[in-house]
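What follows is the residue order along each chain.
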Amino acid sequence: NAGVTQTPKFRILKIGQSMTLQCAQDMNHNYMYWYRQDPGMGLKLIYYSVGAGITDKGEVPNGYNVSRSTTEDFPLRLELAAPSQTSVYFCASSYPRTGGSTEAFFGQGTRLTVV
Amino acid sequence: EDKVVQSPLSLVVHEGDTVTLNCSYEVTNFRSLLWYKQEKKAPTFLFMLTSSGIEKKSGRLSSILDKKELSSILNITATQTGDSAIYLCAAHGGSQGNLIFGKGTKLSVKP
């Protein structure tokens, strides 16, 4: 039972480099989210998606891009890495049943350092 | 703007103490309130609350939602060092049904 799978777990980037953080879920969830968590802080929403082909900005979208071509995958792209993007990134998914809601399931996180 | 505010931001107690963590929310189209525990890795789910006044309980942890006051509390009785973690509160709602997180409460339980 895989749940939400994030890769890589760790990465060091140089300033100006690009990379894609991968996220896949096998629970047929409609909603997927990308959060970042800075040391000692809560989770800040970067982007989210309510279904394949639909994405929207969260609280801190600058410097990131996403796509949602399938229900399962929700990659996060950093085009020009900056030190301010050093953080732990979490992907999550949830399935809002009609008339209610369910909890979000989280991936194990990607620790990104930009030097 | 939708927001979730947790208090206190950090708390240090001794084993055996009882603690109460607070969460208030201002979220449009509110659906539910969720509590998570985060140790070193990903947050793990504790409770989801949708109805006011109905306590949810799991061992030494319990939580209740007050929709009139737009708030929730998480109680932990007889704390243990293993309860040390960041406790996150999230409201499910907003214009697109997002999960909106608070900053978390960092709980440290000393032996």
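Reference entry: report on the structure contained in this document.

Brief notes about the overall build of chain A
- Within chain A, the regular secondary structure consists of zero helices and eleven strands.
- For a compact globule of 115 residues, the expected C-alpha radius of gyration is about 13 Å, and chain A comes in at 14 Å, within 12% of that figure.
- For chain A, the spread of C-alpha atoms along the three principal axes comes to 45 × 30 × 25 Å.
- Looking at chain A as a whole, 47% of its 115 residues qualify as buried.

Examining the nonpolar core
- Formed by 22 residues in total, the largest nonpolar core has its most connected members in Val-4, Tyr-25, Leu-33, Trp-35, Tyr-87 and Leu-107 of chain B.
- For this core, the secondary-structure elements that each account for two or more residues are β3 (19-26), β4 (32-38), β5 (44-49), β7 (61-66), β8 (71-76), β9 (85-93) and β11 (105-110) of chain B.
- In contact with Leu-33 of chain B, not counting residues within four places along its chain, are Cys-23, Tyr-25, Phe-47, Met-48, Leu-49, Leu-65, Ser-72, Cys-89, Ala-90 and Ala-91 of chain B.
- Listed in part, the 21 residues of the second largest apolar core include Tyr-31, Tyr-35, Leu-43 and Ala-92 of chain A.

Quick notes on the pairing of strand β1 (residues 3-7) of chain B
All names here are of chain B.
- Of the two faces of β1, the one lined by Val-4 and Gln-6 is fully buried and the one lined by Lys-3, Val-5 and Ser-7 carries no buried residue.
- The sheet contact formed by β1 and β3 spans five bridges and is antiparallel. Note on β3: the bridge partner recorded for Ser-7 is Asn-22.

Overview of the state of the cysteines
Residue and element names in this part refer to chain A.
- Overall, the coordinates contain two disulfides over all chains when judged by the stated rule.
- Cys-23 shares a disulfide with Cys-91; S-S distance 1.8 Å. With the S-S bond torsion at -70 degrees, the cross-link from Cys-23 to Cys-91 turns out left-handed. Within this pair, whereas Cys-23 is found in strand β3 (residues 19-25), its partner Cys-91 is found in strand β9 (residues 87-94), the two being separated by 68 residues in sequence.

Criteria and cut-off values
Residues numbered from 1 in each chain as written. Chains lettered and ligands numbered in written order. Predicted model: local features only at pLDDT ≥ 70, side-chain atom pairs only at ≥ 80, totals over all residues. Heavy atoms only, no water. Helix = DSSP H or I, 4+ residues; strand = E, 2+ residues; numbered from the N terminus. Rg over C-alpha atoms; globule rule 2.2 N^0.38 Å. Buried < 20%, exposed > 50% of the residue type's maximum accessible area, 1.4 Å probe, protein only. Core = buried A, V, L, I, M, F, W, Y, C linked by side-chain atoms within 4.5 Å. Contact = heavy atoms within 4.5 Å. Pairing = 2+ DSSP bridges. Disulfide = S-S within 2.5 Å.

That is the geometry; function is a separate question.
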